[in-house]
Amino acid sequence: MPVFNQSRSYIIRIIVLITFLIFIAQLFNLQVLSGKYQQLAQDNAVARKVVYPPRGIITDRKGRAILNNILMYDLMVTPSEVRNVDTSFLCRMLEIDTTEFRERMIGAILRNGRYRPSSFEELLSPEKYARFEENMWRFGSGFYLQQRPVRLYPYNAAAHILGYVGEVDSTIIARSGNFYRSGDYVGRSGMESYYERVLMGQRGVEFWIKDNRNRLVGKYEGGEFDTAAIAGRGLKTYLDIELQQLAEKLMSNKVGGLVAIEPKTGGILAMVSGPSFDPNELTGSDKRKNYSRLVLDVAGPLLNRAINGRYPPGSTFKPVGALVALDEGVISPSFGLGCGGAYYGCARPVKCTHKNPGHAANLRLSIANSCNSYYTHIYRLTVDNRKYKNVKDGYAKWQEYMNIFGLGVRLGIDLPSENGGNIPDTSVYNKVYRNSWNSCTNLTLGIGQDMMLTTPLQLANAMCLIANKGYYYVPHFVKSIESENKSDTILNKFREKHEVLTHISDSAYQAVIWGMNDVVTKGTARGAALPGINVCAKTGTAENYRVLDGKRTKLKDNSLFVCFAPMEDPKIAIAVIVENAGYGSTWAGPIAAIMMEKYLNDTLREETKKKIEYVASTDLMPGWLVREQYKADSTRAWYWFKLTKDSSYIKKYIRRGGSAPQQPKRNPPVPVRTAFHNKAEAIDPRTTIYINRKRLV
């Protein structure tokens with residue numbers, strides 16, 4: 001054989017050998033080293049199911065569960081595994097059409113990709129769950145049922161306090177450093193959000209064997225590789241659920257806020273924002289529809305006015321102003337002022353409701369008679385105090401006192417999104433008045449008006465500080481955590497005693513406290529008196545303005561009331577604000593008195609029970625809400641008509657003669673982002689809205 005042919009033969013043999021070795025190496029890799037195909041085979045035979053733990057239970061001060069759990073099911077989908085599905089049958093079971101089916105599939109892919117599971121329909125109704133339980137084998141491995149503990153509110157109360165949970169979106173997942181995964185639920189508001197890490201528990205995993213019809217037939221390896229879910233820990237609160245239910249009943253058909261606090265601990269006994277809603281509306285299969293309805297209601301039922309509503313405190317501020325003046329040394333408890341019906345110390349008079357001689361002869365009488373002249377004057381004495389260089393320094397010191405009382409700052413309650421109110425600093429007045437102002441410029445701060453804005457929570461806390469003669473605890477709901485240990489530091493700040501004004505003399509506090517007692521016994525709040533209990537209180541009536549149709553409009557005054565009792569050993573402090581309700585003694589006062597009687601006596605007199613029904617049945621919802629609701633609905637409908645050319649959006653708003661509704665000059669609304677949508681999805685403007693339980697549109 002020629003040398004050339006021998007060389008070529010060797011080369012061919014070497015190539016064949018190398019090819020053979022490559023095949024052997026790859027077979028060894030696939031069968032021994034690599035687990036890819038083993039994993040694929042296992043995935044076809046074994047289903048991995050996440051087990052979501054029940055969230056922690058929340059109880060009231062008497063151990064009653066006010067937030068519990070029930071089990072429901074989500075229908076989950078993994079888009080990449082959906083093959084040969086009877087779409088029409090699935091749509092009939094879900095009561096949707098094929099267009100919505102495609103939209104949901106696209107939405108699932110956009111949210112989590114093709115290879116990750118997403119919820120196709122959350123929290124199936126019992127009827128739908130029963131149908132799917134029988135027919136899951138029809139839909140292959142692409143669809144499966146996921147067990148989900150769902151929140152239950154057995155008392156239908158405390159919606160703004162307890163909050164609600166919703167599925168995490170991409171923003172929450174990213175913000176948590178991928179701690180949360182698609183399909184997890186997270187606290188979105190209230191205590192559910194603030195105490196998320198305590199309540200959430202820990203996920204578990206189960207591995208199940210599937211048969212050739214994708215039915216689960218048993219645990220894989222007897223559950224050897226399963227990890228158990230760990231339930232969230234419970235919270236014990238200071239709330240009294242019966243008192244909370246009573247407060248919500250009293251505030252029904254009203255706009256405003258109510259806060260009741262235990263002064264010696266800072267524990268919140270009740271908190272109400274009106275209008276409210278049933279917390280069970282934001283759980284279960286109808287939560288998205290209910291959320292859409294609530295978020296479109298211009299009355300703002302989702303807004304917690306107890307911590308976010310900002311109101312001029314009016315005359316309820318006067319006991320605070322008195323203590324500041326006493327501590328600054330510009331007055332004493334015996335200081336008096338002659339008032340003939342108005343304060344004339346500045347260019348603009350400040351009217352007073354009393355003209356009789358001696359009604360402000362001393363501090364105690366000035367509180368009982370709520371003399372505007374007296375408190376306008378002592379405000380000026382405080383900021384014009386000679387120990388400060390000028391009025392701006394004096395005002396800065398006065399503002400510091402306000403912050404000490406918890407006004408103009410966030411108190412740090414265990415709820416998210418607390419508002420700090422407003423106590424303007426010197427820079428605000430410098431800007432507004434071009435650096436030229438004095439104590440006459442903002443003298444109505446002395447009677448709780450001008451630019452001063454407070455929340456019901458801040459007013460209740462200020463009453464705690466007076467009741468305790470100089471100290472307070474940050475208002476909070478949670479008393480203890482189940483199985484609490486040293487690593488649980490979340491409650492530490494609520495157990496710290498703030499002795500901010502304990503240096504003020506006992507005689508000064510006594511003058512203010514007795515004056516507040518006189519308000520009930522012989523002053524403006526005699527209707528709030530309770531048999532056998534010394535009540536300290538202060539009424540307030542504050543001017544109320546709102547921009548309507550582009551104009552600043554004066555509405556009916558807000559009704560305010562603050563109090564604590566018993567005077568000798570305060571056990572409850574309350575602040576009540578009812579918008580557009582007139583005098584403080586007319587509506588806010590009676591509501592607070594009923595609350596005190598219930599909590600202190602644990603019972604109610606027959607005449608009080610009748611008063612409850614009268615207060616609860618009285619509708620004080622502002623009349624302008626109906627018009628504002630119509631404007632909001634019609635504007636949104638017109639926006640969607642222009643976007644979609646679908647005349648059904650505006651049909652009910654068309655005037656006789658065929659003309660379209662007049663459009664406001666402001667920009668049309670954009671689609672609303674809801675807490676349950678991972679993307680901004682528009683709420684259908686044809687959603688029915690209710691105000692005062694009456695169908696508007």
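Just so it is clear, the structure is predicted and the values come from calculations on it, not from any experiment. (Residues numbered from 1 in each chain as written. Predicted model: local features only at pLDDT ≥ 70, side-chain atom pairs only at ≥ 80, totals over all residues. Heavy atoms only, no water.)

Colleague: A description of helix H5 (residues 126–135) should follow, citing residues and the corresponding values.
Modeller: Lys128, Phe132 and Asn135 are the residues of H5 that are buried. Mapping the buried residues of H5 onto a view down its axis gives an arc of 75 degrees, with all of them on the same face. Opposite the packed face of H5, turned more than 90 degrees from it, sit the exposed residues Pro126 and Glu134. (Buried < 20%, exposed > 50% of the residue type's maximum accessible area, 1.4 Å probe, protein only. Helix = DSSP H or I, 4+ residues; strand = E, 2+ residues; numbered from the N terminus. Arc of directions from axis to C-beta.)

Colleague: Account for the pattern of salt bridges, naming residues and giving values.
Modeller: Applying the stated criterion to the full structure yields 36 salt bridges. Residue Asp184 pairs with Arg203 through a salt bridge whose shortest N-O separation is 2.3 Å. Taken together, the positions of Asp184 in the loop between helix H7 (170–175) and strand E7 (185–187) and Arg203 in the loop between helix H9 (196–199) and strand E8 (204–210) put the pair 19 residues apart, joining distant regions of the chain. The exposure class assigned to Asp184 is buried, which follows from its relative accessible area of 4%. Judged by relative accessible area, Arg203 falls into the partly exposed class, the value being 22%. In this structure, Arg627 and Asp549 form a salt bridge, with 3.3 Å as the shortest nitrogen-oxygen distance. One end of the pair, Arg627, is in helix H22 (residues 624–644); the other, Asp549, is in the loop between strand E18 (536–548) and strand E19 (551–565), with 78 residues separating them in the sequence. Look at Arg627 and you get partly exposed, because its relative accessible area is 48%. Connected via shared salt-bridge partners are Asp60, Arg64, Asp240, Glu242 and Lys598. (Salt bridge = Lys/Arg side-chain N within 4 Å of Asp/Glu carboxyl O.)

Colleague: So what about the sheet that holds strand E20 (residues 572–578)? Which residues, and what values?
Modeller: The five strands are arranged E12-E11-E20-E19-E18 in an open sheet whose pairing can be described as antiparallel. Edge positions in the open sheet fall to strand E12 (267–274) and E18, since each of these has one partner strand only. Adjacent strand axes in the sheet meet at a mean angle of 10 degrees when their direction is disregarded. Bridging between E18 and E19 involves 12 bridges; their strand directions are antiparallel. Paired with Tyr545 across the two strands is Lys554, which belongs to E19. Lying over the sheet, helix H19 (residues 506–521) contacts E18 and E19, oriented at roughly 75 degrees with respect to E18. (Pairing = 2+ DSSP bridges. Axes fitted to C-alpha atoms, helices over the stretch in contact; angles between N-to-C directions. Contact = heavy atoms within 4.5 Å.)

Colleague: Which residues make up unusual backbone geometry, and what values go with them?
Modeller: Cis rather than trans, the peptide bond between Gly274 and Pro275 has omega equal to 0 degrees. Along the chain, the position of Pro275 falls in the loop between E12 and helix H11 (287–295). Note the cis peptide between Ala565 and Pro566, where omega equals -15 degrees. Along the chain, the position of Pro566 falls in the loop between E19 and E20. In this model, Glu95 sits at a positive phi of 60 degrees, which is unusual for a non-glycine residue. Within the secondary structure, Glu95 is located in the loop between helix H3 (87–94) and helix H4 (98–112). By relative accessible area, which is 58% here, Glu95 ends up exposed. A positive phi angle, near 55 degrees, is found at Asp450, a position not held by glycine. Counting through the fold element by element, Asp450 comes out in the loop between helix H17 (426–432) and helix H18 (456–467). Residue classification places Asp450 among the partly exposed residues on the basis of a relative accessible area of 30%.

Colleague: I'd like a description of the side chain of Thr618, backed by residues and values.
Modeller: When you line up the elements, Thr618 lands in the loop between helix H21 (606–617) and H22. Apart from residues no more than four positions distant in its own chain, Thr618 is found in contact with Ser252, Asn253, Lys254 and Trp587.

Colleague: If you had to explain the state of the cysteines to someone new, which residues and values would you point to?
Modeller: Tallied over the full model, the rule gives one disulfide. A sulfur-sulfur distance of 1.9 Å marks the disulfide that ties Cys346 to Cys440. Torsion about the S-S bond of the Cys346 and Cys440 cystine: about -75 degrees, corresponding to left-handed handedness. In this pair, Cys346 sits in the loop between strand E13 (342–343) and strand E14 (350–351) while Cys440 sits in the loop between H17 and H18, placing the two residues 94 residues apart along the sequence. (Disulfide = S-S within 2.5 Å.)

Colleague: Before we move on, could you go through a nonpolar patch on the surface and cite the residues and values that matter?
Modeller: A contiguous nonpolar patch, built from Leu17, Phe20, Leu21, Ile24 and Leu27 and spanning about 480 Å² of accessible area, is present on the exposed surface. Relative to the helices and strands, Leu27 resides in helix H1 (residues 3–33). (Patch = residues over 30% accessible without salt bridge, like charges linked within 9 Å, V, L, I, M, F, W, Y side chains within 5 Å. Areas by Shrake-Rupley, 256 points an atom, 1.4 Å probe, with all protein chains shown as cover.)

Colleague: Quick one: what's the story with the packing of aromatic side chains, residue by residue and with numbers?
Modeller: Across all of its chains, the model carries 22 aromatic pairs by this definition. Cluster of aromatic residues (ring-pair linked, three or more members): Phe317, Tyr379, Tyr395, Trp398, Tyr429, Tyr433 and Trp437. Sitting over the ring of Phe120, Arg104 keeps its end group 5.6 Å from the ring centre. It is Lys554 that lies over the ring of Tyr545; its NZ or CZ is 6.0 Å from the centre. (Phe/Tyr/Trp six-rings, centres within 6.5 Å; stacked < 30°, edge-to-face > 60°. Lys NZ or Arg CZ within 6 Å of the ring centre and 35° of its normal.)

Colleague: Could you give me a rundown of the nonpolar core, with the residues and numbers involved?
Modeller: Met191, Met271, Leu363, Trp398, Phe405 and Ile466 are the most contacted members of the largest nonpolar core, which totals 140 residues. Counting residues per element, this core draws most heavily on H18, which supplies nine residues. Setting aside anything within four residues of it in sequence, one finds Met191 in contact with Ile58, Ile161, Leu162, Gly163, Glu196, Leu199, Leu235, Thr237, Asp414, Leu415, Phe477 and Val478. Core analysis: the second largest hydrophobic core is formed by 19 residues, Val85, Phe89, Leu90 and Met105 among them. (Core = buried A, V, L, I, M, F, W, Y, C linked by side-chain atoms within 4.5 Å.)

Colleague: Hey, could you go over the pairing of E19 for me, with residue numbers and the actual values?
Modeller: The hairpin formed by E18 and E19 contains two residues between the paired strands, and Asp549 there has a positive phi angle of roughly 55 degrees. Here E19 runs beside E20; their pairing, made up of seven bridges, is antiparallel. Bridge pairing links Ala565 to Ile572 in E20. Hairpin remark: E19 followed by E20, antiparallel, with six residues in the connecting loop.

Colleague: Go over the confidence of the model for the protein with me, naming the residues and quoting the values.
Modeller: Note that predicted coordinates carrying low pLDDT should not be read in detail. Summing up the model confidence of the protein, the mean pLDDT is 87 and the portion of residues at 70 or higher is 88%. The model gives residues 663–697 a pLDDT under 50, and that stretch makes 83 contacts with residues more than four places away or in other chains. (pLDDT = per-residue confidence, 0-100.)

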